[in-house]
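For reference, the chains in residue letters:
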Amino acid sequence: MVSWLVFMVQDFKNQTRIILDSIADGVFTVDTDWKITSFNRAAEKITGIKKEEAVGRYCWEVFKASICEKGCSLKRTVETKRPIINQHVFIVNSTGDRIPISISTAILKDKNGNVIGGVETFRDLSVEEELRKELA
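Residues numbered from 1 in each chain as written. Predicted model: local features only at pLDDT ≥ 70, side-chain atom pairs only at ≥ 80, totals over all residues. Heavy atoms only, no water.

### Digging into the overall build of the chain
Here is step 1 of the chain: Per the secondary structure count, the chain includes 6 helices and 5 strands.
Here is step 2 of the chain: Shown N-terminal to C-terminal, the secondary structure of the chain runs as helices and strands in the order α-β-β-α-α-α-α-β-β-β-α.
Here is step 3 of the chain: The principal-axis extents of the C-alpha atoms in the chain amount to approximately 65 × 30 × 25 Å.
Here is step 4 of the chain: The burial tally for the chain puts 34% of its 136 residues in the buried class.
Here is step 5 of the chain: In the chain, once contacts between residues fewer than 6 apart in sequence are set aside, the share between residues at least 24 apart is 42%.
Here is step 6 of the chain: Treating the 20 positive side-chain charges of the chain as one cloud and the 19 negative ones as another, the clouds have centres 4 Å apart. (Helix = DSSP H or I, 4+ residues; strand = E, 2+ residues; numbered from the N terminus. Buried < 20%, exposed > 50% of the residue type's maximum accessible area, 1.4 Å probe, protein only. Contact = heavy atoms within 4.5 Å. Lys, Arg positive; Asp, Glu negative; His and termini not counted. Charge placed at Lys NZ, Arg CZ, Asp CG, Glu CD.)

What follows is the structure, given as structure tokens:
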């Protein structure tokens, strides 16, 4: 019985990883200490940082976003219990380039309703930004 349960948990985690890695948007989760607990393939591509380098680090160390020092959206979501949808900010990728992104946030809860962290999705807006500049 225990081995079956372990298999089911591992299978669920594997399926979740596959789903997250198939999404074009970057997705990462943090625990209540603001350390990254998951980081999908799109997050790697947008930031230029490998999952192995990101997991276990504080989110502000990885993203260096324009809002990390003041007004962290994920922190505000955890504090207010209200998600943020499509907020435009900038991050600095691994090569030092400033990348425009759109972020959305939500809290993560355990089965008892206790907050255990947060999740943030982000979309690279570089192409849209370049088109906007060309049109201007």
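Anyway, onward from the coordinates.
### A look at the packing of aromatic side chains
Here is step 1 of the chain: The full count for this structure, using the stated rule, is 5 aromatic pairs.
Here is step 2 of the chain: With a centroid separation of 4.6 Å and 10° between ring planes, the pair formed by tyrosine 58 and tryptophan 60 is classed as stacked.
Here is step 3 of the chain: Pairwise contacts between aromatic rings join Phe28, Phe39, Phe63 and Phe122 into one cluster.
Here is step 4 of the chain: When the ring centre of tyrosine 58 is taken as reference, the NZ or CZ atom of lysine 35 above it lies at 5.1 Å. (Phe/Tyr/Trp six-rings, centres within 6.5 Å; stacked < 30°, edge-to-face > 60°. Lys NZ or Arg CZ within 6 Å of the ring centre and 35° of its normal.)

### Structural notes on the pattern of salt bridges
Here is step 1 of the chain: Under the defined criterion, the tally for this structure stands at 2 salt bridges.
Here is step 2 of the chain: For the salt bridge of aspartate 25 with arginine 123, the shortest nitrogen-to-oxygen distance reads 2.8 Å. With aspartate 25 in the loop between helix H1 (2–21) and strand S1 (26–30) and arginine 123 in strand S5 (residues 115–124), the pair connects residues that are 98 residues apart, well separated along the chain.
Here is step 3 of the chain: A salt bridge links arginine 57 to glutamate 61; the shortest N-O distance between them is 3.7 Å. (Salt bridge = Lys/Arg side-chain N within 4 Å of Asp/Glu carboxyl O.)

### Overview of the state of the cysteines
Here is step 1 of the chain: Per the counting criterion, the structure on display carries 0 disulfides.
Here is step 2 of the chain: This cysteine, cysteine 72, is not joined by any disulfide, and cysteine 59 carries the nearest cysteine sulfur, 5.6 Å off. (Disulfide = S-S within 2.5 Å.)

### Here's the deal with the environment of glutamine 15
Here is step 1 of the chain: Along the chain, glutamine 15 turns up in helix H1.
Here is step 2 of the chain: Exposure remark for glutamine 15: the relative accessible area of 43% places this residue in the partly exposed category.
Here is step 3 of the chain: Sequence spacing of glutamine 15 and alanine 65 is 50 residues, and the spatial spacing of their C-alpha atoms is 30 Å.

### Quick look at the confidence of the model for the chain
Here is step 1 of the chain: Across the chain, the average pLDDT comes to 86, with 90% of residues at or above 70.
Here is step 2 of the chain: Here H1 is the element of the chain with the lowest mean pLDDT, 63, and helix H3 (residues 51–54) is the one with the highest, 96. (pLDDT = per-residue confidence, 0-100.)

### Regarding the nonpolar core
Here is step 1 of the chain: Judged by nonpolar contacts, the single largest core of 23 residues is most densely connected at Phe28, Ile36, Phe39, Phe63, Ile101 and Phe122.
Here is step 2 of the chain: Elements that contribute at least two residues to this core include exactly S1, strand S2 (36–39), helix H2 (41–47), helix H4 (59–63), helix H5 (73–80), strand S3 (84–92) and strand S4 (98–109).
Here is step 3 of the chain: Aside from chain neighbours lying at most four places away, what touches phenylalanine 28 is Ile36, Ser38, Phe39, Cys59, Phe63, Leu74, Gly118, Val119, Glu120 and Phe122. (Core = buried A, V, L, I, M, F, W, Y, C linked by side-chain atoms within 4.5 Å.)

### Details of the side chain of serine 73
Here is step 1 of the chain: With respect to the helices, strands and loops of the structure, serine 73 is situated in helix H5.
Here is step 2 of the chain: Of the polar contacts made by the side chain of serine 73, one reaches the side chain of glutamine 87; its length is 2.2 Å.
Here is step 3 of the chain: Contacts of serine 73, omitting those with residues within four sequence positions, involve Ile67, Ile84, Gln87, Ile103 and Thr105. (Polar contact = N/O pair within 3.5 Å; in protein donor to acceptor, adjacent residues only side chain to side chain.)

### A word on the pairing of S2
Here is step 1 of the chain: Inspection of the sheet shows S1 paired to S2 by 3 bridges, in the antiparallel sense. Across the sheet, the residue bridging to phenylalanine 28 is phenylalanine 39, located in S2.
Here is step 2 of the chain: Hairpin connection between S1 and S2: a loop of 5 residues separates the two successive antiparallel strands, and tryptophan 34 in this loop has a positive phi of roughly 75°. (Pairing = 2+ DSSP bridges.)

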